[in-house]
Amino acid sequence: MIILVVNAGSSSLKYQLLNMDDESVIAKGNCDRIGIDGHISHKTFDGRKIDCDCPFPTHTEAFAKLVEVLTTGDASVIKSMDEISAVGHRIVQGAEIFDKTTLVTDEVIEQIDDMSELAPVHNHPHALALRACKKVLPEGVPMVAVFDTAFHQTMPEKAYMFGFPYEDYEKYHVRKYGFHGTSHRFVSAALAKAMGRDIKSLKIVSCHLGNGSSITAVEGEKSVDTSMGFTPLDGVLMGTRTGSVDPSAVTFLQEKHGFSASQMSDYMNKKSGFLGVSGVSSDNRDITAEAEKGNKRAILASDMLRYQIKKYIGSYTAVMNGLDAVLFTGGIGENAWEVREGVCEDMEFFGIKLDRELNKTVRGELKKISAPDSRVEVWVVPTNEELLIARDTLAMISK
């Protein structure tokens, strides 16, 4: 059975085609610069490639090109879209409406679009992509929506509520939603399997670290708290995002800079974080390289990230009344040994002790990196959101 997985952004459309008989990737690619000028990069399982510019005024043209490269030409992998059993879509914000994977209907698309105010960068593009996909798919091919926020719907009210008047929650739905849920769900399950433990018996802190980062407390297979909040801006320092700050600092700086609300949001989301603190780059690799040269602001940015992650691990250990494992995933989590070492340093009180030499050798592979006498296991667990979306999609259409 063949499943197409789609991850749409405001100007991009990433995809993977998977054979669910063995969960292998048949082809993958990205249609980007949608609405600008357009470009597609496409690669097959046996190394054939397409990399070219082409006009993508909207997501509809991008989907049409996706169909073209999958079914025709030198890098085709199927004869027609009739060979695809279903399409799974990653949707960032499901709010309280969608707490599980859902079969897509016209009504569901409208509901996703209606939540654009809660995720303006993501949900409207998702809706555009869903409509575009529907136009080019053969009639009867089901589409399935997998929501990033759904995993966090198990958080208790005391964890997701803010201290605003309760009416703001009732009227405007202002609360913590959490993000990266698909990744946290995949890696926590993969960790339990690697440990040979029943996930329902485990207390895990999952650290998804990349250009956007979030830390989640997973107890008994469920998210009980997470660092991202109403939007993906909350939590730890990120590539261009501030992470958590005193709200009064926001209004103070907005007044000092003479910003509108949207300009202040842009300032916090796109000009802060690693980039704003270091003045060098939003990329952790650049920050690490500059820190090694003695750049004080780069060192500060690195120290801030590690310190903040450490605080979340400590607080979530308290929330869960214990800790069995810490896992690192995402681009930084899987590849930056320096970050992992800095986070786990001086955590013996919590039972965390890293094998420092082993940690330095691990990049992008499933591996335990804690010392033999560490009471808490520490692991690197590569994430695979596309595979989980494909599995959810298969399960949904098999009902």
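Participant: Give a detailed account of the packing of aromatic side chains, specifying residues and quantitative values.
Facilitator: Ring pairs (aromatic) are described by centroid distance and by the angle formed between their planes. Counted according to the given criterion, the structure contains eight aromatic pairs. Where Tyr166 meets Tyr169, the ring centres are 5.5 Å apart and the plane angle is 65 degrees; that geometry is what we call edge-to-face. Of this pair, Tyr166 and Tyr169 both sit in helix α5 (residues 166–172), three residues apart, which is roughly one turn of the helix. Taking relative accessible area as the criterion, Tyr169 reaches 13% and is therefore assigned buried.

Participant: How would you explain the sheet that holds strand β14 (residues 377–380) if you had to name every residue and give the values?
Facilitator: One open sheet accounts for six strands, arranged β11-β10-β9-β12-β14-β13; its pairing is mixed. Of all the strands in the sheet, just β11 (222–226) and β13 (367–368) have a single pairing partner and so form its edges. The pairing of strand β9 (residues 203–208) with strand β10 (residues 214–219) spans six bridges and is classified as antiparallel. Paired with Ser206 across the two strands is Thr216, which belongs to β10. Along the sheet, helix α6 (residues 181–195) makes contact with β9, β10, β12 (325–329) and β14, crossing β12 at roughly 125 degrees. Along the sheet, helix α11 (residues 296–320) makes contact with β9, β10, β11 and β12, crossing β10 at roughly 20 degrees.

Participant: Outline the packing of helix α10 (residues 284–292) against α11, listing residues and values.
Facilitator: Running from N to C, α10 and α11 cross one another at 125 degrees; their axes reach a closest spacing of 8 Å. Viewed along their axes, α10 and α11 adopt a mutual orientation that is oblique. Crossing geometry of α10 relative to α11 is assigned as left-handed. Here α10 contributes Ile287, Glu290 and Ala291 to the contact with α11, which in turn contributes Ala298, Ile299, Ala301 and Ser302. The residue makeup of the contact of α10 with α11, split by class, is five nonpolar, one polar and one charged.

Participant: Can you lay out the nonpolar core for me, pointing to particular residues and giving the numbers?
Facilitator: Counting residues in hydrophobic clusters, the biggest one holds 49 residues, and the most contacted among them are Leu4, Leu13 and Tyr15. Of all the secondary-structure elements, those providing two or more residues to this core are β1 (2–8), β2 (12–19), β3 (24–32), α1 (59–71), β6 (84–91), α2 (106–114), α3 (123–136) and β8 (143–147). Among the elements that take part in this core, α1 stands out by supplying six residues, more than any other. Once residues lying within four places of it in the same chain are set aside, the contact partners of Leu13 are Val6, Asn7, Ala8, Gly29, Asn30, Cys31, Ile34, His59, Ala62, Phe63 and Leu66. Judged by nonpolar contacts, the second largest core, of 35 residues, contains Ala217, Phe274, Leu354 and Val378.

Participant: Describe helix α15 (residues 385–397), naming the residues involved and giving the relevant values.
Facilitator: The terminal C-alpha atoms of α15, which comprises 13 residues, lie 18 Å apart, in line with the 18 Å expected from a rise of 1.5 Å per residue. Buried within α15 are the following residues: Glu385, Leu387, Leu388, Ile389, Ala390, Asp392, Thr393 and Met396. The elements touched by buried residues of α15 are β1, β2, β6, β7 (102–103), β8 and α6.

Participant: If you had to explain the side chain of His184 to someone new, which residues and values would you point to?
Facilitator: Structurally, His184 is set in helix α6. Classification of His184 as buried rests on a relative accessible area of 0%. Side-chain polar atoms of His184 contact the side chain of Thr216, separated by 3.1 Å. Among residues more than four places away in sequence, those in contact with His184 are Phe151, His152, Phe179, Ser206, His208, Ser214 and Thr216.

Participant: Residue-level account of α11, with values.
Facilitator: Helical geometry: 3.6 residues make up each α-helical turn, so side chains three or four residues apart lie on a common side. The terminal C-alpha atoms of α11, which comprises 25 residues, lie 36 Å apart, in line with the 36 Å expected from a rise of 1.5 Å per residue. Structurally, the start of α11 carries an N-cap: the backbone nitrogen of Arg297 is 3.0 Å from a side-chain oxygen of Asn295. Just downstream of α11, Asn321 is the residue with a positive phi angle, here 55 degrees.

Participant: Could you give an account of the pattern of salt bridges, with specific residues and numbers?
Facilitator: Between side chains of opposite charge, a pair can form as their charged atoms come close. Counted under the stated rule, the structure contains 18 salt bridges. In this structure, Asp37 engages Arg33 in a salt bridge whose closest nitrogen and oxygen atoms are separated by 2.5 Å. Exposure remark for Asp37: the relative accessible area of 39% places this residue in the partly exposed category. For Lys65, the salt bridge is made with Glu68, and the minimal N-O distance between the two is 3.1 Å. Placement of both Lys65 and Glu68 in helix α1 is noted, with a separation of three residues, approximately one turn of the helix. We classify Glu68 as partly exposed; its relative accessible area is 40%.

Participant: Summarise unusual backbone geometry; cite the residues concerned and give the values.
Facilitator: Positive phi, normally seen in glycine, also occurs at Glu23, with a value near 60 degrees. Mapped onto the fold, Glu23 is located in the loop between β2 and β3. With phi around 60 degrees, His173 is a residue other than glycine that occupies positive phi space. Among the secondary structure elements, His173 is positioned in the loop between α5 and α6.

Participant: Which residues make up the sheet that holds β8, and what values do they have?
Facilitator: Spatially, the eight strands line up as an open sheet ordered β5-β4-β3-β2-β1-β6-β8-β7, and their pairing is mixed. Each edge of the open sheet is held by one strand with a lone partner, namely β5 (49–53) and β7. Bridge count between strand β4 (residues 39–44) and β5: five bridges; the pairing is antiparallel. Along β5, the bridge assignment pairs Lys43 with Lys49. Sheet strands touched by α15: β1, β2, β6, β7 and β8. Its angle to β6, the strand with the most contacts, is close to 125 degrees.

Quick notes on the rules
- Here, residues in each chain are numbered from 1, in the same order as that chain's written sequence.
- Where local features are concerned, this predicted model is filtered to residues with pLDDT of at least 70; where side-chain atom pairs are given and counted, the filter is 80 or more; whole-chain, interface and lining totals use all residues.
- Hydrogen atoms and water are omitted, and side-chain values are computed over all heavy atoms in the structure.
- Classification of ring pairs uses Phe, Tyr and Trp, with its six-membered ring standing for Trp, and accepts pairs whose centres are within 6.5 Å; under 30 degrees between planes counts as stacked, over 60 as edge-to-face, and the remaining range as tilted.
- Where helices and strands are cited, they refer to DSSP runs of H or I of at least four residues and of E of at least two residues respectively, numbered from the N terminus.
- Buried means the residue's accessible area, taken with a 1.4 Å probe over protein chains only, is under 20% of the maximum for its type, while exposed means over 50%, and partly exposed covers the values in between.
- Two strands qualify as a pair provided that DSSP identifies no fewer than 2 bridges between them.
- Residue contacts are counted whenever heavy atoms from the two residues lie within 4.5 Å of one another.
- All axes here are fitted lines through C-alpha atoms, helices being fitted over the stretch that makes contact, and every angle between N-to-C directions spans 0 to 180 degrees.
- Here is the rule for angles: anything less than 35 degrees is roughly parallel, anything more than 145 is roughly antiparallel, 65 through 115 is roughly perpendicular, and the remaining ranges are oblique.
- With the far helix as reference, a near helix turned anticlockwise by less than a right angle produces a left-handed crossing, and one turned clockwise produces a right-handed crossing.
- Under the grouping applied here, Gly and all other residues not named as nonpolar or charged are polar, the nonpolar ones being Ala, Val, Leu, Ile, Met, Phe, Trp, Tyr, Cys and Pro and the charged ones Asp, Glu, Lys and Arg.
- Throughout this description, the term nonpolar core refers to a set of buried Ala, Val, Leu, Ile, Met, Phe, Trp, Tyr and Cys residues connected via side-chain atoms within 4.5 Å.
- One fewer than the residue count of a helix, multiplied by 1.5 Å, yields its expected span.
- Under the rule applied, a polar contact is a pair of N or O atoms within 3.5 Å (in protein, one hydrogen donor and one hydrogen acceptor; residues adjacent in sequence only if both atoms are side-chain atoms).
- By convention in these notes, a salt bridge is any Lys or Arg side-chain nitrogen within 4 Å of a carboxyl oxygen on Asp or Glu.

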